[in-house]
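# Fold and contact review
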Amino acid sequence: MPELPEVESLKNYLSGQVIGRTITSFNSTWPKAIGSHSLSDFTEIINQQVISDIKRHGKYLVLQLLSGQNLLIHLRLTGHLDFTLNSTTPLRYTRHTFGVDNEFEMRLRDVRKFATISLTENPMDMLKNIGKDPLNTLFTTAYLEELLGNHDIPIKSFLLNQSIIAGIGNIYSDEILFASKIHPSTPSSSIPKTMVKILHKTMKTILINATESLTTQIFRDQEQPEWNASSPSFVVPRKAGLPCPQCKKPIEKITLGGRSAYFCAPCQPINESAHC
Ligand SMILES: [Zn+2]
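Residues numbered from 1 in each chain as written. Predicted model: local features only at pLDDT ≥ 70, side-chain atom pairs only at ≥ 80, totals over all residues.

Pairing geometry for strand β9 (residues 252–256) and strand β10 (residues 259–263), over five bridges, is antiparallel. The residue of β10 that forms the bridge with Glu252 is Phe263. Once β9 ends, the chain turns through two residues before running back antiparallel as β10, passing Gly257 with a positive phi of about 60 degrees. (Pairing = 2+ DSSP bridges. Helix = DSSP H or I, 4+ residues; strand = E, 2+ residues; numbered from the N terminus.)

Now the structure itself:
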């Protein structure tokens, strides 16, 4: 599932391709993905609209249109966006096709059909239940400390909860906790101030570095940049029993809130006085 760095790199990729261009058609074989409008209304509203900018909030991609409308795309589990000449053959599972300048197409492929598309004049209304983006400058150490203090849930669940923080998923939460040396079941409100500072810095560093690595991969082939949703190499092995990259002890797996957490017990000791 694409997380913040994947969607940020997609934003970087698409920005160079579509900003300033006009949407000239729209076709969908899965109109249920459009949450805000009927297919005919959606097609009519976006037709001949110029894409003026692209933003990201958490895992949402927001294409701003010159008319003041905003196209919100969430790739969910298996969504993938391609930008290509319209003369190329669409790949399998292409569900939605935005014609661009009568020459290109932005194609949304989606095996599982969970990706969503919405059109709105007020994106923040639609995103009001989504937490602050960790790369937002307003996401300070003090803000994180306040958030942590307001929630008494395992830190792994805290990081994954999109209504608290936007954009972090299963993989990056494990990476962030490993690098911060925090056990995934540590209650969020019990994390001491010194650790909050480390967690805040680590979170930003990991997300920024992953975005840079992914963006570099996209533009490695300057002739034909292509967004690849596959992630950069991760530090924490995603299989129990494999050696920890630091101490070589076996990686453990636990389930918290229905999600798997991979961690190293010696490197991420639990605070016995404060476990859930
Ligand atoms: Zn270890």
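The strand order across the open sheet built from four strands is β2-β3-β4-β8, with neighbouring strands paired in antiparallel fashion. Bordering the open sheet on either side are β2 (51–57) and β8 (116–120), each of which pairs with just one other strand. Taken over all neighbouring pairs, the strand axes of this sheet differ in orientation by 20 degrees on average, direction set aside. Pairing of strand β4 (residues 70–74) with β8 involves five bridges; the strand directions are antiparallel. Within β8, the residue paired with Asn70 across the bridge is Thr120. Each of β2 and β3 (60–65) touches helix α1 (residues 4–18); the most contacted strand, β2, lies at about 175 degrees to it. (Axes fitted to C-alpha atoms, helices over the stretch in contact; angles between N-to-C directions. Contact = placed C-beta atoms within 7 Å.)

Moving on: the packing of α1 against helix α7 (residues 193–218). Running from N to C, α1 and α7 point in directions that differ by 40 degrees, and their axes come no closer than 8 Å. Taken together, the axis directions place α1 and α7 in an arrangement best described as oblique. In the packing of α1 onto α7, the handedness of the crossing is right-handed. Facing α1, whose interface residues are Leu4, Pro5, Glu6, Glu8, Ser9, Asn12 and Tyr13, α7 presents Leu207, Ala210, Thr211, Leu214, Thr215 and Ile218. When its residues are assigned to classes, the contact of α1 with α7 shows seven nonpolar, four polar and two charged. (Parallel < 35°, antiparallel > 145°, perpendicular 65-115°, else oblique. Left-handed = near helix turned anticlockwise from the far one by under 90°. Nonpolar A, V, L, I, M, F, W, Y, C, P; charged D, E, K, R; others polar.)

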